[in-house]
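Given next are the chains, with one letter for each unit.
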Amino acid sequence: MAASVLEQGEDAFRKLFRFYKRRNPPPDFSNVLDFSKPETHFGKVFTTDLSTSAVSDNAAHKCGLHPVRKWKAFSLDGYPGFIFITNPFLPGTQRYWVKQCLKTYTQKPNICNLDMHMSQIETENLWEKSLPGMRLKDSVKRAPKTLLEKLRWVTLGYHYNWDTKTYSADRYTPFPNDLHALSEKVAAICGFQNFSAEAGILNYYHFDSSLGIHVDESELDHSQPLLSFSFGHSAIFLLGGLSREDPVTPMFMHSGDIIIMSGLSRLVYHAVPRIVICTNSHPVPQSLTEEFRNENPEDSIVQTVSKEDWEICEEYMQTSRINMTVRQVLKIGAVFPSEASNKRTVKGQSDAYYDNHEENGTSEIKRKKDV
Ligand code: OGA
Ligand code: MN
């Protein structure tokens, strides 16, 4: 056991993970792909066609998305099934998803990391409970952390069981309609007409957070893609192969960018070793400074965020990144295998694996197959 941990600790992926996570001296980012400058990656990055007729301009607009013909999507040499879409969100609409992640999706019955240690009464309405502290933040930076700032993950739909590494019928609450609609559109545009969002994992990162090396294999239908939406400060995303010795490609994920992992790239190793806080003129990324002018609110899924709510979100986003991953768990019309096979609980491991914990003074969210 110890030997295998050591061996894994030295694999190629782990080395690169440590390289990009390093604080002192900070790493050289010159090998990190930037899809917002695809011309600088000649021979590696290719534009890819999308199903422009899968979603009408009107349907895209309701979800806060540009018409599909304006989207920029890329594939990557050596990673069939991997698609990178650079921010397709209409100006100001990313704010809506940020607000949903902080104010709406944190509400019960959704489950979050704080529920692992605290009672339901303590964790309910965590947005409201955090307001006084968040409002103080502007003037008193050293105020104690609010619940919102202690948030690391939220699960939606089929709530992922971090101990058994399974989803099950008895841990289900309705998946949010708005995120279901967004996911359905994005999947259809990428050629997956039957995708149904059934489970979501939202990750909340701060400037010193990372997400350990892992494969998302617990879903029962791997023919469906995994969608990943990124908001706030940029991240370095590492994309590997089926083995941890395979080459690893580092890339930036900026606010609004979407990654689709499907086909031969559905089950590859990946990780987020670092959040990159850019210190130019805006305290939050440029695309979050835009306001959304919703001309037809009755007909729209995405709504304008009130000034009051955005003030809190903006304070939070100055040092944060939020990632929403959306998964289909079951094959269409299928049911879960018998409950018996879902009872492999390893007691007491959830904290060690999945809570942010301190490692060399920085926090890392660990996942299955992490080291
Ligand atoms: C995940 C994941 C990546 C990210 O939640 O499974 O890989 O960019 N997230 O946060
Ligand atoms: Mn993942």
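What counts as what
- Residues numbered from 1 in each chain as written.
- Chains lettered and ligands numbered in written order.
- Predicted model: local features only at pLDDT ≥ 70, side-chain atom pairs only at ≥ 80, totals over all residues.
- Heavy atoms only, no water.
- Donors = N, O, S within 2.8 Å, 3.2 Å for Na, K, Ca; no water.
- Helix = DSSP H or I, 4+ residues; strand = E, 2+ residues; numbered from the N terminus.
- Buried < 20%, exposed > 50% of the residue type's maximum accessible area, 1.4 Å probe, protein only.
- Polar contact = N/O pair within 3.5 Å; in protein donor to acceptor, adjacent residues only side chain to side chain.
- Contact = heavy atoms within 4.5 Å.
- UniProt positions renumbered as here; feature names shortened; annotations may be inferred.
- Pairing = 2+ DSSP bridges.
- Axes fitted to C-alpha atoms, helices over the stretch in contact; angles between N-to-C directions.
- Phe/Tyr/Trp six-rings, centres within 6.5 Å; stacked < 30°, edge-to-face > 60°.
- Lys NZ or Arg CZ within 6 Å of the ring centre and 35° of its normal.
- Core = buried A, V, L, I, M, F, W, Y, C linked by side-chain atoms within 4.5 Å.
- Expected span 1.5 Å × (residues − 1).

A. Focus on the coordination of the manganese ion (ligand 2). Coordination of the manganese ion (ligand 2) by the protein involves His 214 (NE2), Asp 216 (OD) and His 270 (NE2), with metal-donor separations of 2.0 to 2.2 Å. Read from N- to C-terminus, the donor residues coordinating the manganese ion (ligand 2) fall into the pattern H-x1-D-x53-H. Here the residue His 214 occupies a position in strand S7 (residues 209-214), and His 270 occupies one in strand S12 (residues 270-276), the gap between them amounting to 56 residues. The buried category is assigned to His 270, whose relative accessible area is 6%.

B. Seen up close, the side chain of His 233. Relative to the helices and strands, His 233 resides in the loop between strand S8 (226-232) and strand S9 (234-239). Classification of His 233 by relative accessible area gives buried; the value is 1%. A distance of 2.9 Å separates a polar atom in the side chain of His 233 from the backbone oxygen of Gln 318. Excluding residues within four positions of it along the chain, His 233 makes contact with Ile 275, Val 276, Ile 277, Cys 278, Pro 283, Pro 285, Met 317, Gln 318, Thr 319, Ser 320 and Arg 321.

C. Fine view of the UniProt feature "binding site: Fe cation" (unreviewed entry) in the protein chain. Using the residue numbers shown here, the UniProt feature "binding site: Fe cation" (unreviewed entry) corresponds to His 214, Asp 216 and His 270. Spanning 57 residues, the named residues nonetheless gather at one spot, since no C-alpha pair among them exceeds 8.9 Å. You can call His 214 buried: its relative accessible area is 2%. Within the local environment of His 214, its side chain forms a polar contact with the backbone oxygen of Gly 212, the two atoms lying 2.9 Å apart. Counting through the fold element by element, Asp 216 comes out in the loop between S7 and S8. Judged by relative accessible area, Asp 216 falls into the buried class, the value being 7%. Among the polar contacts listed, one links the side chain of Asp 216 to the side chain of His 214, at a separation of 3.3 Å.

D. Structural detail: the sheet that holds strand S2 (residues 72-76). What the 9 strands build is an open sheet, ordered S1-S2-S3-S11-S8-S13-S6-S5-S4; its pairing is antiparallel. Of all the strands in the sheet, the pair left with one neighbour each is strand S1 (45-47) and strand S4 (111-112). Here S1 runs beside S2; their pairing, made up of 3 bridges, is antiparallel. In the sheet register, Val 45 faces S2, and the bridge partner there is Leu 76. Packing of helix H8 (residues 177-189) onto the sheet brings it into contact with strand S5 (153-157), S8, strand S11 (258-261) and strand S13 (320-327), and relative to S8 it is tilted by some 115 degrees. Strands in contact with helix H9 (residues 307-317) are strand S6 (199-206), S8 and S13; relative to S13, the strand with the most contacts, it is inclined by about 100 degrees.

E. View of the packing of aromatic side chains. Taken as a whole and judged by the stated rule, the model has 11 aromatic pairs. Aromatic ring contacts, followed pair by pair, group Trp 153, Tyr 160, Trp 162 and Tyr 167 into a single cluster. Residue placement shows Arg 321 over the ring face of Tyr 205; its charged tip is 4.9 Å from the ring centre.

F. Focus on the nonpolar core. With 60 residues, the main nonpolar core has Trp 97, Leu 182, Phe 229 and Met 324 as its most contacted residues. Tallying contributions element by element places H8 first for this core, with 7 residues. Grouped together as the second largest cluster of nonpolar side chains are 21 residues, Phe 35, Tyr 79, Phe 84 and Phe 237 included.

G. Structural view of H8. The terminal C-alpha atoms of H8 lie 18 Å apart, and with 13 residues this matches the ideal 18 Å at 1.5 Å per residue to within 8%. The element H8 is largely enclosed, with a buried count of 10 among its 13 residues. Buried within H8 we find Asp 178, Leu 179, Ala 181, Leu 182, Ser 183, Lys 185, Val 186, Ala 187, Ala 188 and Ile 189. Taken from the residues just after H8, Gly 191 is the one with a positive phi, measuring 100 degrees.

H. Focus on the pairing of S8. Of all 7 residues in S8, 7 are buried; the element is thus mostly enclosed. Alignment of S8 against S11, held across 4 bridges, turns out to be antiparallel. Opposite Leu 226, over in S11, you have Met 261 as the bridge partner. One ladder, built from 7 bridges, connects S8 with S13; its direction is antiparallel. Paired with Ser 228 across the two strands is Thr 325, which belongs to S13.

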